[in-house]
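# Reading the structure
Chain by chain, the residues run as shown.
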Amino acid sequence: MAALSFPPELLVRAQGTGLAIKLALFDVDGVLTDGRIYIGERGEEFKAFSTLDGHGLKSLQQAGIVPVIITGRDSPAVRRRVADLGLAQAFYGVKDKLAVAEPLLAQLGANWGEVAAMGDDWPDLPLLLRAGFACAPPGAHAEVLAVAHHVTRAAAGHGAARECCDLLLMAAGHYERLLHAHHDTLDGSGSA
């Protein structure tokens, strides 16, 4: 039995308004990071990412839910993190996130009811307003908080995206299976 739980009405909402959630769109700054940007004296950019969030994104992939990064900024740090996680769908330096998302949905055969989105500021609103399930970290802008179906307990860059991923996994019925797979040891002799 999993220690984590969500209210039943939230789990139903996290199933989207289509058949099931197929894609999960994530912003970076203010969602996968705490929103602060560190710039060194030579102009190099530094960001801190949570390993909890990274494992959540990888778990979505294992469950057949496509994690998609759509970020307004482009930086080597973000590209490195996306590559390290093995995420196939990522868009950098995007001014109009909807213009990127709509062709992707068409390409993957999904409708907005089968999409979850997580963002924290105005550029994310077009995605959040259309998504079957909209999620935001607690430090998001007031306009984003007003349209989110769920505001995470965890802060941005400190497990907020993982909370969203866990909620999606639980709503889709994949959470316990993935959790129990981690209970096993590498040689398969652990309890399942």
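Up top is the structure these notes are about.
A brief look at the structure comes next. Fair warning: this is a prediction, and the values are worked out from it, not measured in the lab.

## With respect to the overall build of the chain
Each helix and strand counted, the chain has eight helices and eight strands in total. Since a compact globule built from 192 residues should have a radius of gyration of about 16 Å, the 16 Å found for the chain is in line with a globular shape. Dimensions of the chain, computed from the C-alpha atoms along their principal axes, are close to 50 × 35 × 30 Å. Burial status across the chain gives 49% buried among its 192 residues.

## Comments concerning the pattern of salt bridges
Counted by the stated rule, this structure contains 11 salt bridges. Two residues, Lys97 and Asp27, come together in a salt bridge whose shortest N-O distance is 3.0 Å. Residue Lys97 is located in helix α4 (residues 97-108), and its partner Asp27 is located in the loop between β1 (23-26) and β2 (38-39); the two are separated by 70 residues in the primary sequence. Across this residue pair, the class does not change: Lys97 and Asp27 are buried. Residue Asp84 pairs with Arg80 through a salt bridge whose shortest N-O separation is 3.1 Å. Here Asp84 pairs with Arg80, and both are found in helix α3 (residues 76-85), just four residues apart, close to one helical turn. On the accessibility criterion, Arg80 (56% relative accessible area) is exposed. Through salt bridges that share partners, Asp29, Glu45, Lys47 and Arg73 make up one connected network.

## Looking at the nonpolar core
Within the largest apolar cluster, 36 residues are counted, with the highest numbers of intra-cluster contacts made by Phe26, Leu60, Met118, Phe133 and Leu168. Going through the elements one at a time, α1 (8-13), β1, α2 (51-62), α3, β6 (115-118), β7 (133-136), α7 (160-171) and α8 (175-183) are the ones with two or more residues in this core. With nine residues, α7 is the single largest residue contributor to this core. Residues within four places of Met118 in sequence aside, it is in contact with Leu25, Phe26, Asp27, Val31, Leu128, Cys135, Ala136, Pro137, Thr152, Ala160, Ala161 and Cys164. Grouped together as the second largest cluster of nonpolar side chains are 22 residues, Ala101, Ala110, Val115 and Leu125 included.

## Quick notes on the sheet that holds strand β8 (residues 150-151)
Here six strands make up an open sheet; going across it, the order is β5-β4-β1-β6-β7-β8 and the pairing parallel. Across the chains shown, the open sheet's two edge strands, defined by having one partner strand only, are β5 (89-91) and β8. Across four bridges, the pairing between β1 and β6 is parallel. Pairing of Phe26 across the sheet is with Met118, part of β6.

Quick notes on the rules
- Residues numbered from 1 in each chain as written.
- Predicted model: local features only at pLDDT ≥ 70, side-chain atom pairs only at ≥ 80, totals over all residues.
- Heavy atoms only, no water.
- Helix = DSSP H or I, 4+ residues; strand = E, 2+ residues; numbered from the N terminus.
- Rg over C-alpha atoms; globule rule 2.2 N^0.38 Å.
- Buried < 20%, exposed > 50% of the residue type's maximum accessible area, 1.4 Å probe, protein only.
- Salt bridge = Lys/Arg side-chain N within 4 Å of Asp/Glu carboxyl O.
- Core = buried A, V, L, I, M, F, W, Y, C linked by side-chain atoms within 4.5 Å.
- Contact = heavy atoms within 4.5 Å.
- Pairing = 2+ DSSP bridges.

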